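Chain by chain, the residues:
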Amino acid sequence: AVGRSLAAAHGKGIVHCDLKPSNLFQLSDGSWRVLDFGVAQEIRAPGTPLPERRKEGPDKKTEPSLEALTPAYASPEQLRHMASDPRDDIFSLAVITYEMLTGLHPFDRLPADQARSRGVLPPRPDGIPTRAWKTLRRGIAFDRERRPKSMTAFLRGLRKPKPVWPWVVALLASAVGA
């Protein structure tokens, strides 16, 4: 549900930019909400400068708008203040997903840039199917280009694939009956 919400935001040209467990809320009916789009950014073409934010008055500019970034969940690109991309939210959701599966942060709560420089690679969680692990591992890749291209692709890779055999049986039955 969180991934679908983020995919909808991405479809409207918005990247959350601060996805972390405290920004996810489960309602009493079991549904989930993504909270705090306070530092959300427009999806911009590579090389497009981030907009400047102002503090109290027109003459007090700050660095581009990621002041509230949570380093343990931020992508390496966010830590370098690069233009926002949906794959930054994929990275953050992949980190959260890994935590939900294992109870541990994949990089021992180190920011991604430090984890990369130290060569920290998370172990495969017990019981996760191969396809889902490959997708999750791509989601937490330090290089944006290695991550799934969209939230929808990330979610699809985490789902259990449908069995092929009913389709094969139906195909064989139609071939035999013909």
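Just above, that's the structure.
An account of the accompanying structure is given in this report.

Criteria and cut-off values
Residues numbered from 1 in each chain as written. Predicted model: local features only at pLDDT ≥ 70, side-chain atom pairs only at ≥ 80, totals over all residues. Heavy atoms only, no water. Buried < 20%, exposed > 50% of the residue type's maximum accessible area, 1.4 Å probe, protein only. Helix = DSSP H or I, 4+ residues; strand = E, 2+ residues; numbered from the N terminus. Arc of directions from axis to C-beta. Contact = heavy atoms within 4.5 Å. Phe/Tyr/Trp six-rings, centres within 6.5 Å; stacked < 30°, edge-to-face > 60°. Axes fitted to C-alpha atoms, helices over the stretch in contact; angles between N-to-C directions. Parallel < 35°, antiparallel > 145°, perpendicular 65-115°, else oblique. Left-handed = near helix turned anticlockwise from the far one by under 90°. Nonpolar A, V, L, I, M, F, W, Y, C, P; charged D, E, K, R; others polar.

1. Some details on helix H1 (residues 2-11)
Okay, step 1: Here H1 has its buried residues at Val2, Gly3, Leu6, Ala9 and His10. For H1, the angular spread of buried residues about the axis comes to 120 degrees, placing them on one side. Residues of H1 that are exposed and angled more than 90 degrees away from the buried face: Arg4 and Gly11.
Okay, step 2: Buried-residue contacts for H1 involve strand S1 (14-15), strand S2 (24-26), strand S3 (32-34), helix H3 (86-102) and helix H6 (151-158).
Okay, step 3: Of the residues trailing H1, Gly13 is marked for its positive phi of about 85 degrees.

2. So, helix H5 (residues 130-139)
Okay, step 1: When we look at burial in H5, the residues that qualify are Ala132, Trp133, Thr135, Leu136 and Gly139. Angularly, the buried residues of H5 cover 165 degrees about the axis, an arc narrow enough to put them on a single face.
Okay, step 2: Packed against the buried residues of H5 are H3 and H6.

3. Observations regarding unusual backbone geometry
Okay, step 1: Positive phi, normally seen in glycine, also occurs at Cys17, with a value near 75 degrees.
Okay, step 2: Within the element layout of this structure, Cys17 appears in the loop between S1 and S2.
Okay, step 3: A positive phi angle, near 55 degrees, is found at Asp108, a position not held by glycine.
Okay, step 4: Along the chain, Asp108 falls in the loop between H3 and helix H4 (112-118).

4. Notes on the environment of Ala83
Okay, step 1: Checked against the element boundaries, Ala83 lands in the loop between helix H2 (76-79) and H3.
Okay, step 2: Residue Ala83 is classed as buried on the basis of its relative accessible area, which comes to 13%.
Okay, step 3: For the pair Ala83 and Ile43, spaced 40 residues apart in the sequence, the C-alpha separation amounts to 7.6 Å.

5. Side note on the packing of aromatic side chains
Okay, step 1: Taken as a whole, this structure holds 3 aromatic pairs when the rule is applied.
Okay, step 2: Note on Phe107 and Phe142: the rings are 5.1 Å apart at their centroids and 35 degrees apart in plane angle, and the pair reads as tilted. Pair noted here: Phe107 is in the loop between H3 and H4 and Phe142 is in the loop between H5 and H6, with a separation of 35 residues, a long-range link.
Okay, step 3: By relative accessible area, Phe142 is classed as buried at 13%.
Okay, step 4: One aromatic cluster is present, built from ring pairs that chain together Phe91, Phe107 and Phe142.

6. Some words on the packing of H3 against H5
Okay, step 1: Two numbers describe how H3 lies on H5: the axes approach to 8 Å, and their chain directions differ by 130 degrees. Viewed along their axes, H3 and H5 adopt a mutual orientation that is oblique. The two elements H3 and H5 meet at a crossing, and its hand is left-handed. Residues Ile90, Phe91, Ala94, Thr97, Tyr98 and Leu101 of H3 touch H5, and the partners they reach there are Trp133, Leu136 and Gly139.
Okay, step 2: Grouping the constituent residues of the contact of H3 with H5 by class yields 7 nonpolar, 2 polar and no charged.

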